[in-house]
Amino acid sequence: MFLLDVVGSWPTWAASRPGRPAVALKSRLHELLCYSILSGCGACVVLISKYDPATDEVTEFSASSCLTLVNSVNLCSVTTSEGIGNTRDGYHPVQQRLSGFHASQCGFCTPGMCMSIFSALVKADKPKPGTEPAAPPGFSKLTSCEAEHAVSGNLCRCTGYRPIVDACRSFAADVDLEDLGLNTFWKKSCADIAKLPEYSAGSVCTFPEFLKSEIKSLVPPTVITGDDGGWYHPKSIGELHSLFDSDWFDENTVKVVASNTGSGVYKDQDLHDKYIDIKGIPELSVINRSSKGVELGAAVSIAKAIEVFSDGTPVFSKIADHLSKVASPFVRNTATIGGNLVMAQRLDFASDIATVLLAAGSTVTIQTASKKMLCLTLEEFLEQPPCEVKTILLSVFVPDWGSDNVIFETSRASPRPFGNAVSYVNSAFLARTSGGTASGGILIVIEDICLAFGAYGVDHAIRARKVEEFLKGKSVSAQVILEAVRLLKDVISPSEGTTHPEYRVSLAVSFLFSFLSSLSNGLDMPANSIAPNGSCGNGVVNGSVQSSQEKRLEVASDYLPIRSRQEIAFSGEYKPVGKPLMKAGVELQASGEAVYVDDIPAPNDCLYGAFIYSTHPHAYIKGVNFKPSLASQKVITVITAKDIPSNGENVGSSFLMFGEEALFADPISEFAGQNIGVVIAETQKYAYMAAKQVVIEYNTENLEPPILTIEDAIQHNRYFHTPPFFIPNQVGDFDQGMSEADHKILSGEVKLESQYYFYMEMQTALAIPDEDNCITVYSSTQMPEVAQAVIAKCLGIPHHNVRVITRRVGGGFGGKATKGCHVACAVAVAAFKLRRPVRMYLDRKTDMIMAGGRHPMKAKYSVGFKSDGTLTALRLDLGMNAGISPDISAMMTMTLIGALKKYNWGALSFDVKVCKTNVSSKSAMRAPGDVQGSFIAETIIEHVASTLGADTNAVRKKNLHDIDSLKVFYGEAAGDVPTYTLVDIFDKLAASPEYKQRAAAVERFNGGSRWKKRGISCVPITYEVRLRASPGKVSILNDGSIAVEVGGIEIGQGLWTKVKQMTAFGLGTLWPEGEGLLDKVRVIQADSLSLTQGGFTGGSTTSENSCEAVRLSCAELVERLMPIKQSLEATSGVPPSWTALIAQATMASVNLAAHAYWKPDPAFVSYLNYGAGVSEVEVDVLTGATTILRSDLVYDCGQSLNPAVDLGQVEGAFVQGVGFFTNEEYATNADGMVINDGTWTYKIPTVDTIPKQLNVELINSARDKKRVLSSKASGEPPLLLASSVHCAMREAIRAARKEFAVDSPLTFQMNVPATMATVKELCGLDVVERHLESLSTARKA
Ligand SMILES: Cc1cc2nc3c(=O)[nH]c(=O)nc-3n(C[C@H](O)[C@H](O)[C@H](O)COP(=O)(O)OP(=O)(O)OC[C@H]3O[C@@H](n4cnc5c(N)ncnc54)[C@H](O)[C@@H]3O)c2cc1C
Ligand code: FES
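Residues numbered from 1 in each chain as written. Chains lettered and ligands numbered in written order. Predicted model: local features only at pLDDT ≥ 70, side-chain atom pairs only at ≥ 80, totals over all residues. Heavy atoms only, no water.

K.L.:
Would you mind going over the overall build of the protein chain with me for this structure?
P.N.:
When helices and strands are tallied, the protein chain shows 39 helices and 43 strands. In terms of C-alpha radius of gyration, the protein chain reaches 31 Å, essentially the compact-globule figure of 34 Å for 1341 residues. Along the first, second and third principal axes, the C-alpha atoms of the protein chain reach 95 × 85 × 75 Å. When burial is assessed residue by residue, the protein chain has 64% of its 1341 residues classed as buried. (Helix = DSSP H or I, 4+ residues; strand = E, 2+ residues; numbered from the N terminus. Rg over C-alpha atoms; globule rule 2.2 N^0.38 Å. Buried < 20%, exposed > 50% of the residue type's maximum accessible area, 1.4 Å probe, protein only.)

K.L.:
Any chance you could explain the site of ligand 1 here in plain terms?
P.N.:
The immediate surroundings of ligand 1 are formed by 33 residues, with V256, T261, G262, T336 and D352 found nearest. A distance of 3.3 Å is found between a nitrogen atom of ligand 1 and a backbone nitrogen or oxygen belonging to A327. When ligand 1 is considered free in solution it has 970 Å² of accessible area, and contact with the protein chains removes 96% of it. Secondary structure elements with two or more residues in the shell around ligand 1: β6 (254-257), α12 (337-347), α13 (352-359) and β12 (392-399). (Near = heavy atom within 4 Å. Polar contact = N/O pair within 3.5 Å; in protein donor to acceptor, adjacent residues only side chain to side chain. Areas by Shrake-Rupley, 256 points an atom, 1.4 Å probe, with all protein chains shown as cover.)

K.L.:
Honestly, the packing of helix α16 (residues 478-491) against helix α39 (residues 1327-1340) in this entry has me stumped. Any pointers?
P.N.:
Their axes nearest at 9 Å, the elements α16 and α39 cross at an angle of 145°. Of the two possible hands of crossing, α16 and α39 adopt the one that is left-handed. Across from A478, Q479, I481, L482, V485, R486 and K489 in α16, the residues of α39 making contact are E1329, L1332, E1333, L1335, S1336 and K1340. Partitioning the contact of α16 with α39 into residue classes produces six nonpolar, two polar and five charged. (Axes fitted to C-alpha atoms, helices over the stretch in contact; angles between N-to-C directions. Left-handed = near helix turned anticlockwise from the far one by under 90°. Contact = heavy atoms within 4.5 Å. Nonpolar A, V, L, I, M, F, W, Y, C, P; charged D, E, K, R; others polar.)

K.L.:
I keep staring at the packing of aromatic side chains and nothing clicks. Help me out?
P.N.:
Given two aromatic rings, one states the distance between the centres and the angle between the planes to describe the pair. Evaluated as defined, the whole model comprises 35 aromatic pairs. Both rings, one in F108 and one in Y596, keep their centres 4.9 Å apart while their planes meet at 85°; by these two values the pair is edge-to-face. In this pair, F108 is assigned in the loop between α3 (93-100) and α4 (110-125) and Y596 in the loop between α19 (586-591) and β19 (607-613), connecting sequence segments 488 residues apart. Y596 shares its class with F108; the two are buried. (Phe/Tyr/Trp six-rings, centres within 6.5 Å; stacked < 30°, edge-to-face > 60°.)

K.L.:
Help me understand the UniProt feature "binding site: [2Fe-2S] cluster 2" (unreviewed entry) in the protein chain in this model?
P.N.:
Taking the UniProt record as the reference, the feature "binding site: [2Fe-2S] cluster 2" (unreviewed entry) is found at C106, C109, C156 and C158. For the annotated residues, spread through 53 residues, the largest C-alpha to C-alpha distance comes to 9.4 Å, consistent with a single compact locus. Its location among the elements puts C109 in the loop between α3 and α4. Here C156 lies in the loop between α5 (144-150) and α6 (162-169). Here C156 is in contact with C109, M113, Y161, I164 and I1244, once residues within four sequence places are set aside. (UniProt positions renumbered as here; feature names shortened; annotations may be inferred.)

K.L.:
Would you explain the pattern of salt bridges in this entry?
P.N.:
Pairs can form between side chains of opposite charge whenever their charged atoms are close. Applying the stated criterion across every chain, the model contains 60 salt bridges. K188 is the partner of E567 in a salt bridge, and the nearest nitrogen-oxygen pair spans 3.0 Å. Residue E567 is found in strand β18 (residues 563-568), and its partner K188 is found in the loop between α6 and α7 (209-217); the two are separated by 379 residues along the sequence. Under the relative-accessibility criterion, E567 is labelled partly exposed at 27%. Salt-bridge contacts for D1206 lead to K1058; the nearest nitrogen and oxygen are separated by 2.8 Å. (Salt bridge = Lys/Arg side-chain N within 4 Å of Asp/Glu carboxyl O.)

K.L.:
Sorry, what's going on with the UniProt feature "binding site: Mo-molybdopterin" (unreviewed entry) in the protein chain here?
P.N.:
UniProt marks Q782, F813, R926 and G1099 with the feature "binding site: Mo-molybdopterin" (unreviewed entry), using the numbering shown here. Across 318 residues of sequence, these annotated residues stay compact in space, with a maximum C-alpha separation of 12.5 Å. Positionally, Q782 belongs in the loop between β29 (774-779) and α24 (784-795). Taking relative accessible area as the criterion, Q782 reaches 2% and is therefore assigned buried. Among residues more than four places away in sequence, those in contact with Q782 are G812, F813, G814, G815, K816, A817, I1049, I1051, F1096 and T1097. A distance of 3.0 Å separates a polar side-chain atom of Q782 from the backbone nitrogen of G814. Considering the arrangement of structural elements, one finds R926 in the loop between β34 (907-916) and α28 (930-948).

This is the structure:
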């Protein structure tokens, strides 16, 4: 019997919805709750509630449904976001507050966010034994700090997290409501809990009474113990062994699972159809505490273990601390300690838990396949050969070390301070010391020591025994540490193929140094010279010595609550345009009711597809076969180029007139990751599984070697042509400019790598064949019109046979422009051929491998300048890797140079080579070209300033344009004097007294802090956008409701909200309470056959283009309706109501639909956007971790159409830019194949990596009637502001290089992204040794 209650329906992201009623689940018992992503990104978080009939208690916890097998929630209740609130029953305050704080854009992450917050509230407000003070009315017992941690495992690519944190903190009893950001509940300085949607704990029933009764009636509770859909649930070790011994057991198809979160780590191994769930075995769930220590059954969850350890001696508390950085809350709630240790033992998993428990002297009890019980030290267990599947880990025992003379520290260096990222290195050290007095003070002697290291590219955690032996009996001095470090470097030897091996070694050194420093007694070294600055965000060292001077200067960078300020200019001129209204449909997004492509119920007979892609960059495809496996039996067919109709063409995408890209590799694969075919199966799961089992035969005979890099392409002259009208003019005479220079830099260089979109909704489409060779394709695309054209061409049918429908897109960022076409086209070919509906939802890995992403670039520059910093000439030679097809790359020179021209270079000459290579074609990604151009400009300015020894901001300021030079560089786009606001904006930030004070404070800080350095920098930006023709259609229905269609797609950028506002404004003259029309407006999905010439969504101006088309349509309607209004008014003496007006117009057969195609004035097709950003960062010299302490952004948004939407765009773009500049490594292998292909290796910003303080000001520059209601774009330009973080990091690194006398301290090349490893390398991998050597030398002298 299987019992499960679902409160709400399955969240919107589920690729293969298991269905709502339990009956549907019954047939899919071993499926995942959501078989979508397997990534632990948090989008599919649900609340699981369990009922214990013995105690009548319900326990609730959040879990990731993509990692949860359906059968593991037998007898549970699962609450989804729709379960806590929805359109029918009303929304929950979590959903309402997320909506009111403008915390949802594309909305794809929002149900998961809701459930993480809701779970945190449930946990905080659960009645606990004893008397705990109640939370103030309207609040939860949740603290602000817990609120931030609540969403620490949830990824959001749109918002930049700040508003999400605000919504979450609005429940926290310790919050100052005035600190919360822009919202719809109150105006500035009027914060009041009573204005927030009321929260009262326990208002949602998470476990229904009927299920309790059902469970109580199962005496003893019935569980599945036999073969029931392939799910086995032994109740004892004996039963487990019987299962192992049965004929039925086969290691290849049967998986032993505890909580199955390991499938989020080893995704490709998920090919089983039978499971043995060991969680029901009582021995595996024991928790025994005694004076000797703590014994934990292997199936105890990490969250439970944290609870147990938190309540103990210092060693236990440190273990708990470290464990709370493992994975994310919703993974820790189910993931077991045993599962983790077995993964470490059997699969070389880079476990934190193994390292920490190893240092704590733990032992494990296992039972082997031959039923032998063994008690081993954890070290012995880890060192055994990988244990067999039938070996069961029963428990782990961690001794109690008491607190006397025992020092225990743990560390981990990972890109995310709160966890949710595997570490580069982790360590745990335990020392037993003795102390006596000596002439200079206390003398600490190490009696015994255990040094454990893991995750550095080693099979499993190890003990550094040689170092331990050396340290035993020693008192710590600089010389002793130096010797220990040297010995350690022999021990830590990352295996072949490990990324950043030297960095990892240096991290291990840093950790040891930090620990030993804390044991030093100050006799051997001057105070304050050796101790690192306490704990740090990413390379966390739990506690250490810190001098009082450092303490005074340091603003702790750890666990600072996120603070923010928003200054926004409102305009009432065009009401309701200009109001910070809530996003259209946001509550639907929060509740999970919003329908994305994959939420459309599968039509009858629907089939599912998964791409098969090449792993070879240049080879003939000779054959496609499958490994004999369960999955291969499920393959219905494979669709390849041969299935394209004879009158069709092998085309998967195209853009403007630039050229096309093939849909299928045929006969040659031209890059690793190229689509070879689509496996078709009955379910998405089988399609995924089969695609993983494919074996492709290649042949490289008579083929040239692939060209993979910019250098290769330049050597072979392989370029894409850029049409002359996409090449900006060069300015002035470079040679003459150089001859006027006092100084010249002749060979500067900088490199920027790629970036992946990381939209939360993967590429997806559903194709349904229709009569008469027609087809309807639901596609998550930014350009339905282009998708329509490509599909038609591929199938060889007229455009009018193809209907592409897009309602909303779960994040695009450019990735669902040309790249979305491939998916739409592939399902269309399959559906056309098979005459059955076909849908496809890419898994994250395939998506990342095929997506392409941002263009990598390599720039060389020569620049001339005067001694006062005035630039006289710049020559830029740049190569960009465009990949195999032209895509949008012909536009890149224009955008790149456009943003670079923000400074007056004197003369500007450039040569940009758009290189054709055998890698996936690069496409538009938010601010394509502009972000690189703007950054390259900053690199050159910094180079100039450091050469002159001048203040960088002074050099920036000196070379900002005046209006005359602006016109020279930008021509018509420069606009009029009042619209050129950049100099004012820059001054406002960089020339303010506050900036000067902060810069001085940074300098003081750096003077007093050796191991942490700060930097501050202010960066201006200029961004040219282009207006495009766009259609709009406004239809008033008989009841007065209004349906609006626009060419643009709602991708999270707030297009629908602005369009609604514009419609109400446009029709407002017909009704005195024009704002009241807002509720009557619905923007409907894009349909390529309903509204034609939709164009594409991109380039930041789609909202204003669409709004303008809507305004024209409204003007047309006003013209038709005004006479009727006037006549009604004349008759009755009062203005008619809206319904009366429309009723009368209907009677008079007035055409109530108006369609317009807006075209920009040829004299005004582009304009410039301006902004500046100051960022202050702190770099940890020991780990390379960067904390962004504060960012202040000022952006000229013109007369904003909706300041809340634009603020969201500014913050979201900035944080996406932070990811690009600091952490996102879209790495490839030697064949150009993406290898950082999932959440495991690709780290977008999370709530703990955004600025601790984020202040944004939207300024309203002079009115400019030529722009749409004087508004400006906001989608892409603010992304460029994130280079201020990179520039500030450079300043901090410069300070570190000065401190440690690293070679060429002032001038150094710092590429993008500046990851932790890069930062540490630039600070000096050997700074610890340098420092210790200098101390030892000083002491000897
Ligand atoms: C998103 C994410 C982030 C993570 N981050 C970290 C991190 O930062 N640091 C870290 O250390 N870990 C991290 N993990 C790993 C996580 O701790 C493990 O996935 C988890 O502990 C495994 O427990 P489980 O119960 O889900 O095991 P399962 O997935 O059920 O099992 C894992 C493996 O162990 C076997 N197994 C399980 N229990 C036993 C047993 N008692 N005896 C024998 N074999 C057994 C299973 O057969 C399977 O092969 C992360 C995981 C995810 C998904
Ligand atoms: S709103 Fe969070 S991913 Fe789009």
